[in-house]
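# Breakdown of the fold
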Amino acid sequence: ILLLLLFFSVFVLVKNSGIFYIPYFKEINLPVWFYGIAYAFFHSVNAVIFRFAYVFEEKFGDYHLLWLIFWGRLFSWSMMLCFKPIWGIVFIVFEQIMRSLERPVIHSVIHKRVDSERRATVMSLYNISGLITKIILALFFGQMLDILSFNLVISIFIGILFFFAGGSLFLLRKQGGV
């Protein structure tokens, strides 16, 4: 159970990426009326991809797909910083595709690998840690944005995620988990 929680802790940090969109839209001078249209489009993309997540899971396997989701999201954030404004929105859509694959795949992995007595505990810990991380990350991110530029704050966040991902991957390989 602890090995799974360690593995999913990286995804808890990544799943809270929605807090970056509004500052990014402001950074590229997108009109405020477009925010709602963009979010509606993102949720439509999520719904379609969420419906067919099992196809991707069968094709790639669950652990490989989880790492693909993680690295795909980091790639999309990095490209979002490099290409503004139109290509940045395309990379946000790519990040949304990766984001919509995450939840069904994580639930599937937990369902397959955790016995029924502990499954609810693992799911609760995953969800609670996601909410706590989102609160802390939103406060930290907002404070950093007041002091530093958007690009620097996102770069710092990406660096932190690389550190956590590398540590998790190292520990999982050492334990024989992946």
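Below is a short write-up of the structure. (Residues numbered from 1 in each chain as written. Predicted model: local features only at pLDDT ≥ 70, side-chain atom pairs only at ≥ 80, totals over all residues. Heavy atoms only, no water.)

Moving on: the packing of helix α4 (residues 53–60) against helix α6 (residues 86–113). Relative orientation of the contacting elements α4 and α6 amounts to 60°, with a least axis distance of 9 Å. Classified by the angle between their axes, α4 and α6 sit oblique to one another. The two elements α4 and α6 meet at a crossing, and its hand is right-handed. Counted together, Ala 53, Phe 56 and Glu 57 of α4 and Leu 101, Pro 104, Ser 108 and Lys 112 of α6 form the full contact between these two elements. In terms of residue class, the contact of α4 with α6 is made up of four nonpolar, one polar and two charged. (Axes fitted to C-alpha atoms, helices over the stretch in contact; angles between N-to-C directions. Helix = DSSP H or I, 4+ residues; strand = E, 2+ residues; numbered from the N terminus. Parallel < 35°, antiparallel > 145°, perpendicular 65-115°, else oblique. Left-handed = near helix turned anticlockwise from the far one by under 90°. Contact = heavy atoms within 4.5 Å. Nonpolar A, V, L, I, M, F, W, Y, C, P; charged D, E, K, R; others polar.)

Looking now at the packing of helix α3 (residues 33–51) against α6. Their axes nearest at 9 Å, the elements α3 and α6 cross at an angle of 40°. Relative to α6, the element α3 lies oblique. For α3 against α6, the interelement crossing comes out right-handed. Judged by residue contacts, Phe 34, Phe 41, Phe 42, Val 45, Asn 46, Ile 49 and Phe 50 of α3 engage Ile 89, Ile 92, Val 93, Gln 96, Ile 97, Ser 100, Leu 101, Arg 103 and Pro 104 from α6. In terms of residue class, the contact of α3 with α6 is built from 12 nonpolar, three polar and one charged.

For the rest of this paragraph, the subject is the side chain of Gln 96. Structurally, Gln 96 can be placed in helix α6. Setting aside residues up to four positions removed in sequence, Gln 96 forms contacts with Tyr 21, Phe 42 and Asn 46.

Here we take up unusual backbone geometry. Positive phi is not limited to glycine here, since Asn 29 has a value of about 60°. Within the element layout of this structure, Asn 29 appears in the loop between α2 (21–27) and α3. Residue classification places Asn 29 among the exposed positions, given a relative accessible area of 68%. (Buried < 20%, exposed > 50% of the residue type's maximum accessible area, 1.4 Å probe, protein only.)

Counting 44 residues, the largest nonpolar core has Tyr 24, Phe 25, Phe 42, Trp 77, Ile 92, Leu 101 and Ile 154 as its most contacted members. Elements supplying a minimum of two residues to this core: α2, α3, α5 (62–82), α6, α7 (116–147) and α8 (150–175). For this core, the element with the most residues is α5, which contributes 10 residues. For Ile 154, the contacting residues outside a window of four places in its chain are Phe 20, Leu 81 and Phe 141. (Core = buried A, V, L, I, M, F, W, Y, C linked by side-chain atoms within 4.5 Å.)

Under the counting rule described, the total for this entry stands at nine aromatic pairs. Look at Phe 25 and Tyr 35: their rings are 5.2 Å apart centre to centre, the planes differ by 40°, and that puts the pair in the tilted class. Taken as a pair, Phe 25 in helix α2 and Tyr 35 in helix α3 lie far apart in primary sequence, 10 residues in all. Overall, the relative accessible area of 14% leaves Tyr 35 in the buried class. The interplanar angle of 85° and the centroid separation of 5.9 Å between the aromatic rings of Phe 75 and Phe 91 together place this pair among those described as edge-to-face. One end of the pair, Phe 75, is in helix α5; the other, Phe 91, is in helix α6, with 16 residues separating them in the sequence. (Phe/Tyr/Trp six-rings, centres within 6.5 Å; stacked < 30°, edge-to-face > 60°.)

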